[in-house]
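# Working through the structure, step by step
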Amino acid sequence: MSAFLDENGELVTVSETNKLPVTTYPNTKTSAIEAAVIGKLYKAWATAPATTAKYSAVQIWNPVGSGVTLVVATATCYNSAGTMKWYPLLNQTKLTGADGFIVNLKADGGASNFQILKEELAARTANNSLGISVSSVTPNGTVLLIGNEYYTIPEGWGLRYEGETVNVGMNLITMIIEYENT
């Protein structure tokens, strides 16, 4: 036999007529819709232009002290030319160039706590911290859609994509859920 305390603090036996009460609440950790409703869902764009003898890289950076964790639900990636492999890295190395822009998908929502960065690298990162050697090969004009992978970015970490070919630019469009660390 099960029981619960009602709103008056009295013990009530669970039965067909006295059902166990259920409380629901918005959960931005598990629902992009809930995140958008309370103003914690963002769309971000970044462009790393093609640079002579350099590898392009774009990054979603969650700074130390932001007070939030990020969930990257999807990313749409384009090359500026040719065919190129995109390498995903989740690490604590911040890129140097501020770029792109971030929009809260709720009209009266607040500013984000994360940054979108880019850099032209002299060399690619030697290892892949996600354990995947290559994300995909994407020809110019064709989208590399990264969905349902749900990368999680804690404070002081960043998710970056590095291109494998010099002289090719990268364009990243992504959806990010931001939720408070508690």
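Above this text sits the structure in question.
Below you will find a few notes about this structure. As the structure is a prediction and not an experimental result, all values here were calculated from the model. (Residues numbered from 1 in each chain as written. Predicted model: local features only at pLDDT ≥ 70, side-chain atom pairs only at ≥ 80, totals over all residues. Heavy atoms only, no water.)

As a further point, take the packing of aromatic side chains. Applying the stated criterion across every chain yields a total of three aromatic pairs. Where Trp45 meets Phe101, the ring centres are 4.6 Å apart and the plane angle is 20 degrees; that geometry is what we call stacked. Placement of the pair is Trp45 in strand S3 (residues 41-48) and Phe101 in strand S8 (residues 101-104), with a sequence separation of 56 residues. What makes Phe101 partly exposed here is its relative accessible area of 47%. (Phe/Tyr/Trp six-rings, centres within 6.5 Å; stacked < 30°, edge-to-face > 60°. Helix = DSSP H or I, 4+ residues; strand = E, 2+ residues; numbered from the N terminus. Buried < 20%, exposed > 50% of the residue type's maximum accessible area, 1.4 Å probe, protein only.)

One ladder, built from eight bridges, connects S3 with strand S13 (residues 170-180); its direction is antiparallel. Bridging from a neighbouring strand, Lys43 pairs with Met175 of S13. Note that S3 and S8 share four bridges and pair antiparallel. The residue bridging Lys43 from the neighbouring strand is Val103, located in S8. (Pairing = 2+ DSSP bridges.)

In short, the description is geometric, and any link to function would need to be established separately.
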